[in-house]
Amino acid sequence: RDDADATTAIADADADETALDTSRDDDVDLAQKIFDLELAEGARDETAAVMAIVERRNMAATYATLCERFAWRADAALTAKMADANAKRLGEIEAKIEDAKENLGDVEIRDAMCERAEFYASVGEMEKSERAYEETEAKTASIGQKMDCAFALMRARFSRLELHEVKKLIEKIKDMLDQPGGGDWERKNRLKVYEGLHAVATRNFETATKLFLDSLSTFTSYELLSYDDFVFYTVVCAVVSLPRTELKAKVIDSPEVLSVLNRLPGLGDFLNALHKCDYRTFMSAFPVVAAQVEKSVWMNPHFRYFLREVRVVAYAQYLQSYKSVTVKSMADSFNVSEDFIDRELSHFIVSGRLNCKIDKVSGVLQTNRPDLKNSLYQTLIKDGDALLNNVSKLSRVIDL
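Bear in mind the structure is a predicted one, so any value in this text is a computation, not a measurement.

**Points about the pairing of strand S2 (residues 356-359)**
Then, number 1: Summarising the sheet, S2 and strand S3 (residues 364-367) pair through four bridges and their orientation is antiparallel. Each residue of the ladder has a partner; that of Asp 359, found in S3, is Val 364.
Then, number 2: Here S2 folds back onto S3, and the loop between the two strands holds four residues, one of which, Gly 363, carries a positive phi near 65°.

Below, the structure is given as structure tokens:
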């Protein structure tokens, strides 16, 4: 009976999670689906997924852009249908605004103006949407409602991958939070997730890790990301930015991460095998996780960087346990060939990412860990010599 109750509880939790996921904005989903379409080079299923959103929301402007981008033949009847639907809906909203101005109060006017801004954003008219949100903000007294407008506009900017504009909106919301009455706990946490996703998209994995870890137990931004996606980004960013001890304490042992880790293909083996130094399992899971990173619209531009940084972390962790080790032993541990390890390590040694050297004749790797105290001493001597030389030159100038 206890097992049955536990199974029911898990099923209920999964159902709740699914319900929350379905509330995600089409804006962010559309960015991912368009990227999937680009990767699939116009495959039928991906095209249908994109067009389902475009047609449901009557995104006439977005449809025209997609036709140009993917060399589709534009459907004149569909374009006319969407334009007519948009004109009808906009007319209804404008009539509501006029009625509110004549017969109702400021709150109703503000709500109708906000509806117009949301309408423009929903059909992909970003310039009109931004102006409408600015007009709505001017009519809004509440800091919280102004921030909600900024969050909505930010999601629309995310959908178009306009990361520079997203950064401006993040700074704008931060300014609002500093104003009297702006210290809203729920919106502060939402901002961390939005800012973290922006950090992921701009390759600032260290900042993204910090923001995501702060939000793990308070995550409510289901309109932006599903919780599974959120945990995935948290883990992959943490692996390349956190020391091993912090990774264990903050990520591997986190109940929030553990609750969804098994639902994410390869991620559990990738994370745990790296920490347990089970490099063979790690190398098997690595391509699975890397494939998901490559398919992410936010992480794809940093795919090669991610591959490089993860390999550096794994190789450095392995070498840290040895003063010297054979190339064959390391190759066997990672389940790769000796030539592969030789090429990999040579590249990272030359670029200064790994502190070791390869004895090609004997096939041995020798680590040369940097001595921090000695390095600081040498820096002090060098800077001191430079200072004395400058003082000497100055004294000669003064004597003249």
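**Considerations on helix H16 (residues 279-295)**
Then, number 1: In this model H16 runs 24 Å from its N-terminal to its C-terminal C-alpha over 17 residues, within 8% of the 24 Å that 1.5 Å per residue would give.
Then, number 2: Along H16, the largest kink reaches about 30° and is centred on Ala 285; proline Pro 287 follows within four residues of it.
Then, number 3: Those residues of H16 not exposed but buried are Tyr 279, Phe 282, Met 283, Ala 285, Phe 286, Val 289, Ala 290 and Val 293.
Then, number 4: If you follow the buried residues of H16, they end up packed against helix H12 (227-241), helix H15 (267-275), helix H17 (303-319) and helix H18 (327-334).

**Overview of the packing of helix H8 (residues 143-159) against helix H9 (residues 163-178)**
Then, number 1: The contact between H8 and H9 brings their axes to 9 Å, and the two run at 165°. Classified by the angle their axes make, H8 and H9 are roughly antiparallel. For the pair H8 and H9, the crossing hand works out as left-handed. Within the contact between the two elements, H8 uses Ile 143, Lys 146, Met 147, Ala 150, Phe 151, Leu 153, Met 154, Arg 157 and Phe 158 and H9 uses Leu 163, Glu 165, Val 166, Leu 169, Ile 170, Ile 173, Met 176 and Leu 177.

**Section: the pattern of salt bridges**
Then, number 1: Inspection of every chain in the model, using the stated rule, returns 26 salt bridges.
Then, number 2: A salt bridge links Arg 157 to Glu 130; its shortest N-O distance comes to 2.5 Å. One end of the pair, Arg 157, is in helix H8; the other, Glu 130, is in helix H7 (residues 126-138), and 27 residues separate them in sequence.
Then, number 3: Glu 162 is the salt-bridge partner of Arg 160, the closest N and O atoms lying 3.0 Å from each other.
Then, number 4: Accessibility expressed as a relative area gives 37% for Arg 160, which makes it partly exposed.
Then, number 5: The structure contains a network of salt bridges with shared partners spanning Arg 89, Glu 92, Lys 96 and Glu 115.

**Things to note about the sheet that holds strand S1 (residues 324-326)**
Then, number 1: Pairing in this open sheet of three strands is antiparallel, and the strands run S1-S3-S2 from one edge to the other. Every interior strand has two partners, whereas the edge strands, S1 and S2, have only one. Across the sheet, the axes of successive neighbouring strands diverge by a mean angle of 20°, strand direction being ignored.
Then, number 2: Contacts from helix H19 (residues 338-350) reach S2 and S3, with the element oriented near 135° to S2.

**Here we look at the nonpolar core**
Then, number 1: Counting 105 residues, the largest nonpolar core has Phe 270, Trp 298 and Phe 306 as its most contacted members.
Then, number 2: Examining the composition of this core, we find that eleven residues originate from one element, H12, more than from any other.
Then, number 3: In contact with Phe 306, not counting residues within four places along its chain, are Val 236, Val 240, Phe 270, Phe 286, Val 289, Ala 290 and Val 293.
Then, number 4: Met 51, Ile 53, Leu 78 and Met 82 belong to the second-largest nonpolar core, a separate cluster that totals 15 residues.

**Quick notes on the side chain of Thr 218**
Then, number 1: Tracing the backbone through its elements, the reader meets Thr 218 in the loop between helix H11 (205-215) and H12.
Then, number 2: In this structure Thr 218 touches Trp 185 and Asn 189, once residues within four positions along its chain are discounted.

So, how was this worked out
Residues numbered from 1 in each chain as written. Predicted model: local features only at pLDDT ≥ 70, side-chain atom pairs only at ≥ 80, totals over all residues. Heavy atoms only, no water. Pairing = 2+ DSSP bridges. Helix = DSSP H or I, 4+ residues; strand = E, 2+ residues; numbered from the N terminus. Expected span 1.5 Å × (residues − 1). Bend = angle between axes of the 7 residues up to and from the residue. Buried < 20%, exposed > 50% of the residue type's maximum accessible area, 1.4 Å probe, protein only. Contact = heavy atoms within 4.5 Å. Axes fitted to C-alpha atoms, helices over the stretch in contact; angles between N-to-C directions. Parallel < 35°, antiparallel > 145°, perpendicular 65-115°, else oblique. Left-handed = near helix turned anticlockwise from the far one by under 90°. Salt bridge = Lys/Arg side-chain N within 4 Å of Asp/Glu carboxyl O. Core = buried A, V, L, I, M, F, W, Y, C linked by side-chain atoms within 4.5 Å.

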